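The residues making up each chain are set out below.
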Amino acid sequence: RHNTSSTRFSAYAQDTYRLSTTAGYLNINGGIRMSYWSFNKEFLLSPRVNVTFVPDRAPRWLFRFATGLYYQSPFYKEYRMPVADENGNNIIVLNNEIKSPRSFQFIGGADFTFRSFNRPFKLTAEAYYKLMSRLIPFEVDNLKLTYAGQNLTNGYAAGIDFKLFGQFVPGSDSWISFSLMKTNEKLNGVNVPRPTDRRYAFALYFTDYFPKFPRLKFSLRGILNDGLPTTAPHRGRDKGYFRAPAYKRVDVGLSYGLVTPDDRQRNSGNFLRHFKSVWLGLDCFNLFDISNVSSYYWVTDVNDIQYAVPNYLTRRQINVRLSIEF
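In this text, all values refer to a predicted model and were calculated from it rather than measured experimentally.

Thresholds applied
Residues numbered from 1 in each chain as written. Predicted model: local features only at pLDDT ≥ 70, side-chain atom pairs only at ≥ 80, totals over all residues. Heavy atoms only, no water. Helix = DSSP H or I, 4+ residues; strand = E, 2+ residues; numbered from the N terminus. Rg over C-alpha atoms; globule rule 2.2 N^0.38 Å. Buried < 20%, exposed > 50% of the residue type's maximum accessible area, 1.4 Å probe, protein only. Areas by Shrake-Rupley, 256 points an atom, 1.4 Å probe, with all protein chains shown as cover. Lys, Arg positive; Asp, Glu negative; His and termini not counted. Charge placed at Lys NZ, Arg CZ, Asp CG, Glu CD. Pairing = 2+ DSSP bridges. Salt bridge = Lys/Arg side-chain N within 4 Å of Asp/Glu carboxyl O. Core = buried A, V, L, I, M, F, W, Y, C linked by side-chain atoms within 4.5 Å. Contact = heavy atoms within 4.5 Å. Patch = residues over 30% accessible without salt bridge, like charges linked within 9 Å, V, L, I, M, F, W, Y side chains within 5 Å.

Let's shift gears to the overall build of the chain. Secondary structure summary: the chain contains zero helices and 22 strands in total. Whereas a compact globule of 326 residues would reach a radius of gyration of roughly 20 Å, the chain reaches 26 Å, over 25% beyond that. Taking the principal axes of its C-alpha atoms as reference, the chain extends roughly 80 × 60 × 40 Å. With 326 residues in all, the chain has 30% of them scored as buried. If you sum the accessible surface of the chain, you get close to 20600 Å²; carbon and sulfur atoms cover 57% of it. Taking the average location of the 42 positive side-chain charges in the chain and that of its 26 negative ones, the two points are 6 Å from each other.

Here you go:
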């Protein structure tokens, strides 16, 4: 049983500068955030800046860069620390010497807008590197996160993201994205992936109308993500880990427009005039009935050998939906 009282103070200031030069348009947003927490007597100072630039000779391009020093104040479960009492039993104490995990970040990206098939499109690319220190390591036990309660590790996260967004048909958005990412930490002297290390991710969302049936719309969504690192309970990743299978899923859907913007004039004399649009939809989630692993249930035999029994997510599912826009 704990009775804890603490006080937090925080403040921030920021400003934006806009400059039009012969080279192009420059927007600079800078700021600083300050905070103090009486629980661990920690004073934090966090500066950050965000710069965007649109070249005058290439107005379809937008370049951006951001950097800053960020802190994530630990929440209650992160500073619960297990210790052994005089009888050798583990008890939980609140670690008032805990420090906020720190991340020094660099992010660079670019946006390119263009027209193709007489439709607007936007291509976005972004690369990032985050140098992290004073991390509080944690492990995933089924659906529970178990924290060490101390600042024990340092690590990094680096990656690159691409996304193409556009309208293949008017008023219907579609996009495709692809990401690569790597995040590591040094745990007990061993370099291991962090529990969030998803090395690749691919996603697709496409919508289109049926020819000659503008009220009938088709949608397709596909997801392919790398599996996350997994280890047995009460056993850190420095002693061994494996990866869960990749997450794979395809969804399809059909929507029929009961009321569309073109109907508003025809419905001006009845109650349907109050609705901008009404769509009735039918979706099939996980079309290929793939058994995706959500977590593992661990079983130990008499020889102290542990076996990972997978827990699976919902398989194929049919969904009916009604969307109303006022």
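Once you've had a look at it, read on.
Time to look at the pairing of strand β9 (residues 138-141). Pairing of β9 with strand β10 (residues 144-147), which is carried by four bridges, proceeds in the antiparallel orientation. Its bridge partner being in β10, Glu-139 is matched across the sheet by Thr-146. Adjacent in sequence and paired antiparallel, β9 and β10 are bridged by two residues, among which Asn-142 carries a positive phi angle near 60°.

Moving on: the pattern of salt bridges. The final tally for this structure, using the stated rule, is 16 salt bridges. Put simply, Asp-111 and Arg-64 hold a salt bridge, and the shortest N to O gap is 2.7 Å. One end of the pair, Asp-111, is in strand β7 (residues 102-116); the other, Arg-64, is in strand β4 (residues 61-71), and 47 residues separate them in sequence. The exposure class assigned to Asp-111 is buried, which follows from its relative accessible area of 11%. For Arg-249, the salt bridge identified is with Asp-251, shortest N-O distance 2.8 Å. Accessibility expressed as a relative area gives 5% for Asp-251, which makes it buried.

Let us now look at the nonpolar core. With eight residues, the main nonpolar core is built from Trp-37, Phe-39, Tyr-79, Leu-94, Ile-98, Ile-136, Phe-138 and Tyr-147. Ignoring anything within four residues of it in the chain, the contact list for Tyr-79 reads Trp-37, Phe-39, Pro-74, Val-93, Leu-94, Asn-95, Ile-98 and Gly-149. Core analysis: the next-biggest nonpolar cluster, separate from the first, contains five residues, Ala-232, Ala-244, Tyr-296 and Trp-298 among them.

This paragraph deals with a nonpolar patch on the surface. Taken together, the side chains of Tyr-256, Leu-258, Leu-280, Leu-282, Ile-318, Val-320, Leu-322, Ile-324 and Phe-326 make up a nonpolar region of the molecular surface, amounting to roughly 920 Å² of accessible area. Taken together, the elements giving at least two residues each to the nonpolar patch come down to β18 (247-259), β19 (277-285) and β22 (317-325). The element that contributes the greatest number of residues to the nonpolar patch is β22, accounting for four residues. Within the element layout of this structure, Leu-280 appears in strand β19.

Any functional reading would require information that these geometric values do not contain.
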